[in-house]
Number of protein chains: 2
Amino acid sequence: MADQHPSGDTPSGRMQTWGLTVDKFLDHARRWHGNRAVVSRLPDGRLLHSNYAELHSTAKRVSAALLSYGIAPGDRVATLASNSFDHLAIWYGIMGIGAVCHTINPRLHEDQIVYVANHARGRMLFADGQYAPLLERVLPRCPAIESVVSLNEALPGGGYRPLADFIDGAGEDCAWGGFDEQTPAGLCYTSGTTGHPKGVLYSHRSNYLLALNTIVPDAFSLSARDVIMPVVPMYHANTWGLAFSAPAVGAKLVLPGPKLDGESLHNLIEREGVTFSAGVPTVWQGFIDYLRANGIVESSLRRVVIGGSACPESIMQSFEALGIEVLHAWGMTELSPVGLVASATPDVLALTRAEQRVLALKQGRPTGIDAAVMADDGQWLAHDGKSAGRLMVRGPAVIERYEGHHESALTPDGWFDTGDVATIDAFGYVRITDRVKDIIKSGGEWISSVDIENALLDHPNVALAAVVAMPHDKWGERPKLYIQLRRESNDKPEDFRRFLEGRIANWWLPDEVEIIEQIPIGATGKIDKKALRARCGGI
Amino acid sequence: MADQHPSGDTPSGRMQTWGLTVDKFLDHARRWHGNRAVVSRLPDGRLLHSNYAELHSTAKRVSAALLSYGIAPGDRVATLASNSFDHLAIWYGIMGIGAVCHTINPRLHEDQIVYVANHARGRMLFADGQYAPLLERVLPRCPAIESVVSLNEALPGGGYRPLADFIDGAGEDCAWGGFDEQTPAGLCYTSGTTGHPKGVLYSHRSNYLLALNTIVPDAFSLSARDVIMPVVPMYHANTWGLAFSAPAVGAKLVLPGPKLDGESLHNLIEREGVTFSAGVPTVWQGFIDYLRANGIVESSLRRVVIGGSACPESIMQSFEALGIEVLHAWGMTELSPVGLVASATPDVLALTRAEQRVLALKQGRPTGIDAAVMADDGQWLAHDGKSAGRLMVRGPAVIERYEGHHESALTPDGWFDTGDVATIDAFGYVRITDRVKDIIKSGGEWISSVDIENALLDHPNVALAAVVAMPHDKWGERPKLYIQLRRESNDKPEDFRRFLEGRIANWWLPDEVEIIEQIPIGATGKIDKKALRARCGGI
């Protein structure tokens, strides 16, 4: 803003300069919620009980040690770790001094880990001890990484420096923030099911605004009274903002470490009184299965955000039976990542319970973004719940361009094409019907692979279902269905085709059905449709 | 952010440019909550039923008409109006094109209205018809105001143009936003109990961030499911952000117009199902009195924010008996205005009900600000609930300098001195014990005028109590107590002194007590202590 008054003669009044940098969230937690617990489950199962004041202190010491090492603002520092006290302290330690925290997803294929590490050029790597065997294989191919510091426990082999040693002697008075809020803070790569992974470079500002936009009552509704457990890994899509929003509201924080099986999650939730969590459907399926197998009908959980892929109705019903609210959500790495949350409006609350259920299974209302669906001819489509088109988004935490790319990722008028196909209804609920690349184009019409898969999830013996496009001489493409069974059964492929009759349009019925032992899963827990398409001759 | 990668060879990845301008809130309400009701009570009592789509459309037409008239970005446009559909459309119409909405408080002394209008140099004035007699007196002294447009009803006298006429023929496709988010959006003057009123020039960014920071669960907790009625006037301290936060969440909005007596408020609340409101204690006292007098024990209200001056315990108890949550809050024009909200932390919820009540009567926890108390020697004081000092604040919606001032209003390290005396306790609750200028300095020790006044509010016959500093030869200053009785009674001045014995420290007991017919009230509904000090020979 100009210092001159619009009329020219006196300086203009104005408000404070107050950069939106994420270090302010942990500063706030220290000053106003310093004794609030931060609980971290170590890889060996022990619980580390700490608080925000100590997390702040450790993070400050990480900053001082990084500066001593020679890390400068703008430098990238990599992490390869599960959700823990140490990992979170390292995030803030890196970001607080204007360096860039670059998370590596350990579930990626080793070639992709090497690609990502070399592309991001992190000079240091902070890694959990459990990944030592992986590191032995990939580090020789990652020349940019000068040194490795091990978290939570020393890496075997003696070559790596433990975190306690790295920060030994470092003081707590290192300055944070004070730089431009557009300064990069984090770097996260997409899972890259097509081509190389692509990097999304989050800024302090985008992370700050993402946190505020997800804290509000119509999104995650987070408060100091919550006990927040991020099941979604810190290396996957920015923890859905929880690494920022939890200290921002001063909520007790529970970091579950690497063990995310149903029993481990349940024990931790009950022991620490977790009220809020967030994760992908497969994790919650394991949790529900554990509760059911053990006759557990109570939980301290109050709200669970489920996203990453569509939440099956059965999971939603199981949570509701426990008195736990399910918030269906959708996002992507490029959106920092939250874009839609299925919270109810008063119009929705006035509907019948069955009608509400239909809406709850949609991905939700825009949260911190604006959204629209666009036809192939570039026309905006109506909010009628039927017109399907490309889901376009924009907002303060939406990507402008990928790391290292020279061209913008946006349309000329500033929209980002999500690559998803969606409808928007009159209530403002967006329903993702498919990925653009997964949709089946049969005789000029579109068949939604997701709709067929969802119909099959009602079948008691189906563990996973995947529909992909199979080349077809007459129709161009036709659906092929792959089934992974939940248990031993006598089901034949034609039984599943018959099961679908009446549940979907007749011309959507898959031409072929194949039962396979294991449907391939990618690094972020989603079905690898590229592999299945290759299997049936598609592209 | 530089386009260059820190390492210099490729452009940096980055997130979207997305200016934090308040027009985005109303755009969002139109797109995602277009049918949500906006109800406005006209001065004659009729209800205007509309919605966000129509509010947006009217605001766009105001923008087009302003541009046609010749209003340019940076120009100031004044309003003198109660809370209504028209007034809100004018706010967005002005701000959307980068002009500055300058609210004038009609309760100010006429000399102050003239001062404010001439200082702000608004070229146009939008005014409610009810203020025509006032305008006839002040307009001749306000040469900057070129023209007046009347809201809600035509002004008598025929000289002023009705709003419908002003926007007649204006289109709805005028562009909004697209300018720097630091662009000034609003200009509001302090009540000026000492010296001239001072202007606070809000930016789009400060208003945007204020809205987000007040929407969160630990502040006002606003959602699309709320029905929000701002009782606090739009001309008083930025409506506590509700003009922005209500469309931001898509809540139904009820604008009560000029009539704020208990009966009018109750009828409107029940008719429109209001769930959330905000206002000063005196308004809520009238509401409670009306309910009690009419034996009403139910209300659609769920949460009420009370601020502007300390909320008496009796009001809090009355609301709680109705099942309505009271959120004590504190702020000032210079903070946009919200600074503290007394929402509970888990530590507080673990206390007894009586202990919680003590905390609820404090002004609350920092909300969108950082806060600290400073001793006269510049040392920061402990959060012990006892050490009283100047309340210092900083944050994204805190003033940097007053309108037209050349000097900063901040300390060298960026804190704004609120002029309030406060303590902070171990729970993070701030308690305002006095205004710095109202505190009584007796023999080198401080006496809190507010504490003595609060002790008197438990007396059934006291309507208002005010304690001010009276000059004293030996002690420098001693407290003098003024009482305004609630009803006819035989109470003598010495009875009130006796009532205070045991309730406050003995050396705090007022040297003089005087019962007066009417304690003077300033333009914002607060006791005018300056007038009382003059009355007893103070300064």
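J.: Before we go on, may I ask you to explain the side chain of B:Asp491 in this structure?
T.: All names here are of chain B. Along the chain, Asp491 falls in the loop between strand E26 (476–485) and helix H15 (493–500). Buried charged residue Asp491 carries no salt bridge. Nearest counter-charge: Arg487, at 7.5 Å. In terms of polar contacts, Asp491 uses its side chain to reach the side chain of Asn461, at 2.7 Å. In contact with Asp491, other than residues within four places in its own chain, are His459, Asn461, Leu485, Phe496 and Ile515.

J.: How do you make sense of the interface of chain B and chain A when you look at a structure like this?
T.: Many analyses report the size of an interface as the accessible area lost when the parts associate. Contact with chain B, which involves 77 residues of that partner, is made by 77 residues of chain A. It is B:Met15, B:Gln16 and B:Trp32 that lose the most area in chain B upon contact with chain A, and together they represent 14% of the buried surface on that side. One can count 10 salt bridges joining chain B with chain A. B:Asp218 is the partner of A:Arg225 in a salt bridge, and the nearest nitrogen-oxygen pair spans 3.1 Å. Where chain B touches chain A, the interface holds 28 residue pairs in polar contact (both at pLDDT 80 or more). Ranked by residues supplied to the side of chain B that touches chain A, first place goes to helix H7 (residues 204–215) of chain B with six residues.

J.: What's the story with the pairing of strand E27 (residues 512–515) of chain A in this structure? I'm lost.
T.: Along a regular strand, successive side chains alternate from one face of the sheet to the other. Residues and elements named next belong to chain A. Here strand E26 (residues 476–485) runs beside E27; their pairing, made up of four bridges, is parallel. Counterpart to Lys480 in the pairing with E27 is Glu512. Handedness of the β-α-β unit built from E26, helix H15 (residues 493–500) and E27 comes out right-handed.

J.: Is there a simple way to think about the confidence of the model for chain A in this case?
T.: Atom-level detail of predicted coordinates should not be read off regions where pLDDT is low. When pLDDT is averaged along chain A, the result is 92; 96% of the residues meet or exceed 70. The low-confidence segment residues 1–13 of chain A (pLDDT under 50) makes 36 contacts with residues lying over four places distant or belonging to another chain.

J.: Got a minute to help me understand the relation of the copies chain B and chain A in this structure?
T.: The relation between the two chain copies is a rotation about an axis coupled with a shift along that axis. Of the transformation placing chain B onto chain A, the axial shift is 0.0 Å and the rotation is 180°, giving an RMSD of 0.1 Å. Put plainly, the chains are arranged around a two-fold axis. Judged by C-alpha distance, B:Val216 is the residue of chain B that lies nearest the rotation axis, at 2.3 Å. With an isologous cut-off of 70% or more, the 100% of interface residues of chain B that recur at the interface of chain A puts this contact in the isologous class.

About the thresholds
Residues numbered from 1 in each chain as written. Chains lettered and ligands numbered in written order. Predicted model: local features only at pLDDT ≥ 70, side-chain atom pairs only at ≥ 80, totals over all residues. Heavy atoms only, no water. Helix = DSSP H or I, 4+ residues; strand = E, 2+ residues; numbered from the N terminus. Buried < 20%, exposed > 50% of the residue type's maximum accessible area, 1.4 Å probe, protein only. Lys, Arg positive; Asp, Glu negative; His and termini not counted. Salt bridge = Lys/Arg side-chain N within 4 Å of Asp/Glu carboxyl O. Polar contact = N/O pair within 3.5 Å; in protein donor to acceptor, adjacent residues only side chain to side chain. Contact = heavy atoms within 4.5 Å. Buried area = accessible area lost by both parts, 1.4 Å probe. Pairing = 2+ DSSP bridges. Right-handed = clockwise from strand over helix to strand, strands pointing away. pLDDT = per-residue confidence, 0-100. Least-squares fit on C-alpha atoms with pLDDT ≥ 70 in both.

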